[in-house]
Number of protein chains: 2
Amino acid sequence: MEKQTVTIYDVAREAAVSMATVSRVVNGNPNVKPATRKKVLEVIDRLDYRPNAVARGLASKKTTTVGVIIPDVTNEYFASLARGIDDIAMMYKYNIILTNSDENGGKEVQVLNTLMAKQVDGIIFMGNRVTPELREEFKRSKAPIVLAGSVDDEKSQPSVNIDYVAAVAEAVKNLIDHGNQKIAFVSGPMDEAINHDYRLKGYKKALKDANIAFDDKLIFETDYTYKAGQALEPALTAAGATAAFVGDDELAAGVMNGLTDANVAVPDTFEVITSNDTKLTELVRPKMSSITQPLYDIGAVAMRLLTKLMNNETVDENTVILPYGLMKRSSTK
Amino acid sequence: MEKQTVTIYDVAREAAVSMATVSRVVNGNPNVKPATRKKVLEVIDRLDYRPNAVARGLASKKTTTVGVIIPDVTNEYFASLARGIDDIAMMYKYNIILTNSDENGGKEVQVLNTLMAKQVDGIIFMGNRVTPELREEFKRSKAPIVLAGSVDDEKSQPSVNIDYVAAVAEAVKNLIDHGNQKIAFVSGPMDEAINHDYRLKGYKKALKDANIAFDDKLIFETDYTYKAGQALEPALTAAGATAAFVGDDELAAGVMNGLTDANVAVPDTFEVITSNDTKLTELVRPKMSSITQPLYDIGAVAMRLLTKLMNNETVDENTVILPYGLMKRSSTK
DNA sequence: CGCAAGACTGAAAACGCTTTCATATCAAAG
DNA sequence: CTTTGATATGAAAGCGTTTTCAGTCTTGCG
């Protein structure tokens, strides 16, 4: 009762040609007489022949699939990038093997290895904690790897991002311009390069430009979760902050709702600005002002870059920086 | 400069055994003398040998990868299922090929075909519009297919869901019990089975049980988007509705915010209850009451079911129904 | 000490395709 | 006609594993 698979050999026999010829017509090789092509095509249709991609992969050493490592699909930010990645991948006839890493170094290394074992033609990596071990695996990979919406201190790999330092600096300057002096910096784990090495730098720069002393009492390191943000209210007010820059939208929603629930008026007595411009910013009330990022495009461009790399095309610039913006909504004055 | 790949043959030579033996130790076959195993393992380690999964797949006819068709990763509901799927998949050593379908029949058929060409061991399908063509492809597949959080009128495939009819009926009854007589039914496209054949049925049942006449002026068919929901306010009030059941959280958030923005007080003068219990319900103000679904588990159970099917284990029940609940938050009295 | 029954191991045949290389065909040119 | 340079085609060698089948060794035991 097992369904019988029809192979290239069956087609060759039925069409009275060699496998080589069948292979040629399947792959659109022009060196086939039109009459022959027609005959083969008919048989293919009649037998409902579908080439086995695994065999093809083994013979050609190309699988037309790329691996995508994502911290968590459930996170709006990364999901948006993933969507961009998949669309472009599909456009170039690639498929995506998607795996959640939870930004867990061990899991990332393991996943990377199974992707390589599966002979993916390329890899897109999302995650901001590029450990030395990870970097080691990257080097050992013969498939090109590009980072999307993720930074590595050492810039060891091609990547596409926005200029986080400048974006955060501008966001914070905006807060300063509104008269705030004690501005909280609420971020995810500080061992992520994007937090300790980019956002924080932007924050400090804005302060310095405005001659405001840096005060580490205003630095709040926590998880990227709604609950964590919500729980921050007492500490925030205790520290005397009157505004906050937040590194993640869900976290920011938590911060804002936490404040509101404690009767701290946003934006009147406390301003909040967030980082990722996901849908969330529009759903909450007040709507959140945010740094804007071309989320979909970051993924799309990363995938496009990867196709070039997989094709051995020369690319002029390996680390691409997309433009950001600032969107004023209702959580800032 | 191309990195050299080491094959099973290299290991065999270095260890002075046959490929067969190497294969055995790699696959944990017990029929290998401990001393031999040790020797081979050492060589594997020394040469840093990693089995080629593609070759393996060709020889064994198993790829340890499953295809996942999802309407849109960017949708919280499906993303949550996807996370459950991936976790269980990883637990059973499978990888996921993820593709967005936009619930577009043509794209779905095409994607299904490329998944089959890639010899996936199984497929998880999400999407509520199972067309005859699609059903045809399902049948032709030799890899088992299970539907997750998705229904097919004809129950042609194994699936895991909740009892949508009962859940919606209960939700609507709740609204009726609060004294509402004109309850709007706001749903996504009616050509999706889940809407026209399940949710609507539950809605009608609740009305009937309460002796309320069905009025199709209260049926609102629209897109699953925030904007669409927001735009619904005028129509909703014009129809005289005092409450609404909504088939999607993002849509519901739109409906609710639309009402609020038009100074219709939720829940005091208009109650809203939604369907999917995603994170969103907690982010908006007022928080939305919702049917609760074990989102992660729907995905997880679907994947688990698939592993059994792929293993040819006998499963007692092909269509599993998980429990639902009703979570009262602040958008209902 | 002889022998059957495991326990191990290796040779070689798949798996279903791509690709190289050689050969065959053919039209145009001489 | 013969030659020549494309143009078409086929044979066969991989691609890197798994798996079957047939041994070859070891044991335990009478």
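None of these values were measured; they are calculated from a predicted model.

Definitions and cut-offs
- Residues numbered from 1 in each chain as written.
- Chains lettered and ligands numbered in written order.
- Predicted model: local features only at pLDDT ≥ 70, side-chain atom pairs only at ≥ 80, totals over all residues.
- Heavy atoms only, no water.
- Near = heavy atom within 4 Å.
- Polar contact = N/O pair within 3.5 Å; in protein donor to acceptor, adjacent residues only side chain to side chain.
- Helix = DSSP H or I, 4+ residues; strand = E, 2+ residues; numbered from the N terminus.
- Least-squares fit on C-alpha atoms with pLDDT ≥ 70 in both.
- Contact = heavy atoms within 4.5 Å.
- Phe/Tyr/Trp six-rings, centres within 6.5 Å; stacked < 30°, edge-to-face > 60°.
- Buried < 20%, exposed > 50% of the residue type's maximum accessible area, 1.4 Å probe, protein only.
- Lys NZ or Arg CZ within 6 Å of the ring centre and 35° of its normal.
- Buried area = accessible area lost by both parts, 1.4 Å probe.
- Salt bridge = Lys/Arg side-chain N within 4 Å of Asp/Glu carboxyl O.
- Nonpolar A, V, L, I, M, F, W, Y, C, P; charged D, E, K, R; others polar.
- Core = buried A, V, L, I, M, F, W, Y, C linked by side-chain atoms within 4.5 Å.
- Domains from an automatic or database assignment.

Let's shift gears to the protein's contact with DNA strand D. As a structural note, the neighbourhood of DNA strand D is formed by 29 residues, with S18, R24 and T36 of chain A together with I8 and S23 of chain B the closest of them. Within 4 Å of the protein, the atoms of DNA strand D are drawn from sugar and phosphate moieties in a proportion of 61%. Between S18 of chain A and DNA strand D, the recorded distance is 2.8 Å, taken from a backbone N or O atom to a phosphate oxygen. Between DNA strand D and R56 of chain B there is a distance of 3.0 Å, counted from a phosphate oxygen to a side-chain nitrogen or oxygen. Within the residue set of the surface near DNA strand D, elements represented by two or more residues are α2 (19-26) and α4 (53-60) of chain A together with α2 (19-26) and α4 (53-60) of chain B.

Expressed as a screw transformation, the operator carrying chain A onto chain B has a rotation angle of 180 degrees and an axial translation of 0.1 Å, and the superposed copies differ by an RMSD of 0.1 Å. Here the transformation between the copies is reduced to the relation of a two-fold axis. Scanning chain A for the C-alpha nearest the rotation axis identifies I97 of chain A, at a separation of 2.2 Å. Most of the interface of chain A is mirrored in chain B: 100% of its interface residues are interface residues there too.

Across all of its chains, the model carries 12 aromatic pairs over all chains by this definition. Judged by centre distance (6.3 Å) and plane angle (80 degrees), the ring pair of Y203 of chain A and F214 of chain A falls under edge-to-face. Residue Y203 of chain A is located in helix α9 (residues 193-209), and its partner F214 of chain A is located in the loop between α9 and β7 (219-221); the two are separated by 11 residues in the primary sequence. Take F214 of chain A: its relative accessible area is 38%, and that puts it in the partly exposed class. Taken together, the ring pairs connect F185, Y203, F214 and F245 of chain A into an aromatic cluster. For K204 of chain B, the ring lying beneath its charged end belongs to F214 of chain B, and the centroid distance is 4.8 Å.

Contacts between the two partners involve 57 residues from chain A, matched on the other side by 57 residues from chain B. Taken together, the two surfaces of chain A and chain B that pack against each other cover about 5000 Å², and 50% of this comes from carbon and sulfur. At the junction of chain A with chain B, the criterion picks out 10 salt bridges. Remark: the boundary between chain A and chain B carries 32 residue pairs in polar contact (both at pLDDT 80 or more). Residues of the side of chain A that touches chain B, tallied by class, amount to 20 nonpolar, 17 polar and 20 charged.

Let's shift gears to the nonpolar core. V186, Y203 and M303 of chain A together with V186, Y203 and M303 of chain B are the most contacted members of the largest nonpolar core, which totals 164 residues. Those residues within four positions of V186 of chain A in sequence are excluded, and the remaining contacts are F220, T222, L232, L236, A244, F245, V246, G247, L251 and V255 of chain A. Listed in part, the 30 residues of the second largest apolar core include L112, F125 and V130 of chain A together with I145 of chain B.

Quick look at the environment of I145 of chain A now. Among the secondary structure elements, I145 of chain A is positioned in strand β4 (residues 145-148). If we skip the residues at most four places from it in the chain, I145 of chain A touches I123, F125, F138, Q157, P158 and L306 of chain A.

Residues and elements named next belong to chain A. Splitting chain A by domain gives domain 1 (6-50), domain 2 (63-160 + 293-323) and domain 3 (163-292). The C-alpha centroid of domain 3 is placed 28 Å from the C-alpha centroid of domain 2. Counting residues at the interface gives 17 residues for domain 2 and 18 residues for domain 3. Both faces combined, the contact of domain 2 with domain 3 buries some 1400 Å², and carbon together with sulfur accounts for 48% of it. For the pair domain 2 and domain 3, the number of links is 2 salt bridges. Taken together, the connections running from domain 2 to domain 3 amount to 5 residue pairs in polar contact (both at pLDDT 80 or more). Among the elements of the structure, α5 (76-91) and β11 (319-322) are those that each provide at least two residues to the side of domain 2 that touches domain 3.

Summarising the element assignment, T99 of chain B is placed in strand β2 (residues 95-100). Of the residues examined, T99 of chain B reaches a relative accessible area of 0% and is grouped as buried. Those residues in contact with T99 of chain B that lie beyond four places of it in its chain are D86, M90 and N95 of chain A together with V68, I69, I70 and V111 of chain B.

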